[in-house]
Amino acid sequence: MSSTRTGGGFRIAVLLLGFAFLYAPIGLLVLYSFNASRLVTVWAGFSTRWYGELARNEGFRAAALTSFEVATFAATIALVLGTLAGFSMSRFSRFRGRTIFGFALLAPLVVPEVILGLSLLLLFVSCENWIGWPSRGIPTITVAHAMFGACFVSVLVRAQLAGFDRALEEAALDLGARPSTVLVRITLPGISPALISGWLLAFTLSLDDLVVASFVTGPSATTLPMAVFSSVRLGVSPEVNALATLFLGLVFVLVALAFWLTAREERRRHTA
Amino acid sequence: MIGIGRFGRMLLIGVPFFWLALFFLLPLWIVVKISLAESVIGIPPYTPLVTHGVSGLKFHATLANFALLVHDQLYLRAYFGSLGNAAVATVLCLLLGYPIAYAIARTRGRRRQVLLFLVMLPFWTSFLIRVYAWIAILAPNGILNELLTGLGLISEPLPLLNNQFSVELGLVYSYLPFMILPVYGSLSALDESLLEAAADLGARPVPVFFEVILPLTVPGIAAGSLLVLIPAIGEFVIPDLLGGPDTLMIGKVLWDEFFNNRDWPVASAVAVVLVAVLAIPILFAQRFLERSRIA
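Residues numbered from 1 in each chain as written. Chains lettered and ligands numbered in written order. Predicted model: local features only at pLDDT ≥ 70, side-chain atom pairs only at ≥ 80, totals over all residues.

1. Some details on the overall build of chain B
Quick note on the threshold: Secondary structure elements follow DSSP: runs of H or I of four or more residues count as helices, runs of E of two or more count as strands, with numbering from the N terminus. Throughout, the radius of gyration refers to the C-alpha atoms, and the reference size of a globule is 2.2 Å times the residue count to the power 0.38. Around each residue's C-beta, the other C-beta atoms within 10 Å are counted; 20 or more make the residue buried, 12 or fewer make it exposed, and counts in between make it partly exposed. All C-beta atoms are placed from the backbone. Throughout, a residue-residue contact means that the two C-beta atoms, derived from backbone geometry, are no farther apart than 7 Å.
Broken down by element type, chain B carries 13 helices and two strands. Taking 2.2 N^0.38 as the reference for a compact globule, 295 residues should give roughly 19 Å; the C-alpha atoms of chain B span a radius of gyration of 25 Å, well beyond that estimate. Taking the principal axes of its C-alpha atoms as reference, chain B extends roughly 85 × 75 × 30 Å. Counting over 295 residues, chain B shows a buried share of 43%. Restricting to contacts in chain B with at least 6 residues of sequence separation, those with at least 24 account for 71%.

2. Points about the overall build of chain A
Along the backbone of chain A there are 12 helices and zero strands. For chain A, the α and β elements follow one another from N to C terminus as α-α-α-α-α-α-α-α-α-α-α-α. Its C-alpha atoms give chain A principal-axis dimensions of roughly 70 × 70 × 30 Å. By the burial criterion, 44% of the 272 residues in chain A qualify as buried.

3. Observations concerning the packing of helix H5 (residues 113–131) of chain A against helix H1 (residues 5–35) of chain B
As a reminder of what qualifies: Only the contacting stretch of a helix is used when fitting its axis, a line to C-alpha atoms as for every element, and angles between N-to-C directions run 0 to 180 degrees. Working definition: roughly parallel below 35 degrees, roughly antiparallel above 145 degrees, roughly perpendicular at 65 to 115 degrees, and oblique for all remaining angles. Polarity classes work like this: nonpolar for Ala, Val, Leu, Ile, Met, Phe, Trp, Tyr, Cys and Pro, charged for Asp, Glu, Lys and Arg, and polar for all others, with Gly in that last group.
In contact at an axis separation of 8 Å, H5 of chain A and H1 of chain B are set at 85° when each is read in the N-to-C sense. By the angle between their directions, the pair H5 of chain A and H1 of chain B is classed as roughly perpendicular. On H1 of chain B, the residues touching Leu118, Ser119, Leu120, Leu122, Leu123 and Ser126 of chain A of H5 of chain A are Phe23, Leu26, Pro27, Leu28, Ile30, Val31 and Ile34 of chain B. Here the contact of H5 of chain A with H1 of chain B is built from residues that sort into 11 nonpolar, two polar and no charged.

4. Some remarks on helix H6 (residues 138–162) of chain A
Test applied: Given a helix with a known number of residues, its expected span is that number minus one, times 1.5 Å.
Between its first and last C-alpha, H6 of chain A extends 36 Å over 25 residues, near the 36 Å set by a 1.5 Å rise per residue. Judged by how many residues are buried, H6 of chain A sits mostly within the fold: 19 of 25 residues are covered.

5. Focus on unusual backbone geometry
One non-glycine residue, Asn162 of chain B, lies in positive phi territory at about 60°. Tracing the chain through its elements places Asn162 of chain B in the loop between helix H6 (143–150) and helix H7 (164–188).

6. Examining the nonpolar core
Applied cut-off: Each nonpolar core consists of buried Ala, Val, Leu, Ile, Met, Phe, Trp, Tyr and Cys residues. Their C-beta atoms, within 7 Å, join them into a set.
Residues Leu118 of chain A together with Val270 of chain B are the most contacted members of the largest nonpolar core, which totals 170 residues. Residues in contact with Val270 of chain B, not counting those within four places in the same chain, are Leu69, Tyr75, Ile250, Val253, Leu254 and Glu257 of chain B.

7. Thoughts on the packing of H7 of chain B against helix H10 (residues 218–233) of chain B
Residue and element names in this part refer to chain B. Here is the rule we go by: Two helices crossing with the near one rotated counterclockwise from the far one by less than a right angle form a left-handed crossing, whereas a clockwise rotation gives a right-handed crossing.
Viewed as axis vectors pointing N to C, H7 and H10 meet at an angle of 160°, and their least axial separation amounts to 7 Å. Considering their axes alone, H7 and H10 lie roughly antiparallel with respect to each other. When the axes of H7 and H10 are compared, the crossing they make is right-handed. For the pair H7 and H10, the contacting residues are Leu171, Tyr175, Phe178, Met179, Pro182, Val183, Gly185, Ser186 and Leu187 in the first and Pro219, Gly220, Ile221, Ala223, Gly224, Leu227, Val228, Pro231 and Ala232 in the second.

8. Quick look at helix H4 (residues 109–124) of chain B
The end-to-end C-alpha distance of H4 of chain B, which contains 16 residues, comes to 24 Å, matching closely the 22 Å that a straight helix rising 1.5 Å per residue would cover. Every buried residue belonging to H4 of chain B is among Leu115, Val119, Pro122 and Trp124 of chain B, and all of these are buried.

9. With respect to the interface of chain A and chain B
Taken together, the contact between chain A and chain B spans 71 residues of the former and 76 residues of the latter. Every element with two or more residues in the side of chain A that touches chain B is listed here: helix H1 (8–32), helix H3 (58–91), helix H4 (98–110), H5, H6, helix H9 (192–208), helix H11 (224–233) and helix H12 (238–271) of chain A. Tallied by class, residues from the side of chain A that touches chain B come to 56 nonpolar, 10 polar and five charged.

10. Here's the deal with the environment of Phe101 of chain A
Residues and elements named next belong to chain A. Within the element layout of this structure, Phe101 appears in helix H4. In this structure Phe101 comes out as buried when scored by C-beta crowding, with 21 C-beta atoms within 10 Å. In this structure the C-alpha to C-alpha distance between Phe101 and Leu84, which are 17 residues apart in sequence, comes to 12 Å.

11. Description of the environment of Met147 of chain A
Within the secondary structure, Met147 of chain A sits in helix H6. Classification of Met147 of chain A as buried rests on a count of 24 C-beta atoms within 10 Å. Between the C-alpha atom of Met147 of chain A and that of Leu120 of chain A, which follows or precedes it by 27 residues, the distance is 9.9 Å. Excluding its chain neighbours within four sequence positions, the residues that come into contact with Met147 of chain A are Pro108 of chain A together with Phe23 and Phe24 of chain B.

12. A word on the confidence of the model for chain B
One rule of thumb: low pLDDT means the predicted coordinates there are not for detailed reading. All names here are of chain B. Defined as follows: As a per-residue measure, pLDDT tells how confident the predictor is, with possible values from 0 to 100.
Mean pLDDT over chain B: 85, with 92% of residues reaching 70 or higher. The secondary-structure element of chain B with the lowest mean pLDDT is strand E2 (residues 56–59), recorded at 64, while helix H3 (residues 73–105) shows the highest, at 94. This prediction of the complex comes with two scores: 0.87 for pTM and 0.85 for ipTM.

13. Here we look at the confidence of the model for chain A
All names here are of chain A. The pLDDT averaged across chain A works out to 86; a share of 95% of its residues lies at or above 70. Model confidence for chain A, summarised as mean pLDDT per element, is weakest for H12 at 81 and strongest for helix H10 (residues 211–216) at 94. Low pLDDT, under 50, characterises residues 1–5; the stretch is placed with nine contacts to residues that sit more than four places away or in other chains.

As structure tokens, then:
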């Protein structure tokens, strides 16, 4: 882009307004989590009271544990399957069913959550009728999250493989390394930024999902977004603000880490 | 990959393929099947399509659920409501997002990385929390109304929440990063020499923008528009939390049909039509994603 200075003021104004719009609601949410008053609009002084209340809230704590369990398993399954899928699409330009495979990998990224949730629930219910399994709850939510998580991982892995220098693999093979050694020592380390950010993305998407989990869950399992949603439907509560603040803090740390790792990898590649 | 053999290759492709066929394609097929069934009270709450009788297999399929979607005004209005809301949100996201993407593309060095990080961050944080944040701001006794009343600008609280305005605001707020990132992508890929050539030939900034920059960033605009439009059409959380009684969006109708009316066949029919409505933009989006991958 041209580097004329004429648009400098305009550029800064746009950035300030744009980022104010994106971050003001989040900032206010965090601010009011430290409000002493139960009323969200009246500032009654600084207090960490709602964090204490939150720690005593059994419902939120149980839901948080459920969510972390689901997200950990779902992200791990998604990482394995998404990496396999990314490899298949990136390394094999022709195989039977490639078009429909590619469609099935990308469509879940854009199909509305209500449809993903409804269709998976109907699958689980049909399955339960045929063979008495699975009973709905944590396992079904995990499978559902791993399904769309794998699609996101495959996109990241494909993008990284596209920029991967295959001469490295070929050199290692020419020098007599076994294919499994090449995979473990050359290929996987080479795409590690995609693997790390893929796992983290699948993890946060699972942690964040309300709609799909609401459909496929059974009477026993409540995830954190479901608990938050039913509380939010009753009105704004400072406890939810406190919970949201903790959640945002956690996500910020994870994403900053993923971003930093990717940036470091890119720098290393540029200097190499 | 070299040297993994036929079996290895079959496994590599087969495992994720089977997974997606089982948990994405098969469920969609079941939705189509149940959309042709009748609703009954029982577990599961729909009639089987095929039954084994004395006289062999019998098929029962009905289009009654689809007829209902056409005859009952509610569903048509919800489909058009969703399309309309999503289209307005897409245009607003473009008008807001393009300048932001442009400003980021003109920022140099590390600062640009930080700005990109800040655009991407909301994408990773809870959607639900970001929508919830607006309730406290827009409520009749919310932060914005209190502020305006305190400043003496208004005497009565403005009706900001649970109406068309708050739904539109929620959509734009939630999906803005999806517009900024692809537009930024095509802006940063612009060949600078073209702009310098235009400037050298005496073109003024405004014509350069409309005749050089804008046409060259059409792929980014198209990708961003699809990434906003498609999920916005099927949105549930925003119309549910920020919408009012006059908000009709199909994602919420599907949810209510399923959870409140417990009519699984009608909910399935709503989903089938929604997929059909979305198929065209989704196919476009897929082609864009494929092309950007190759490029």
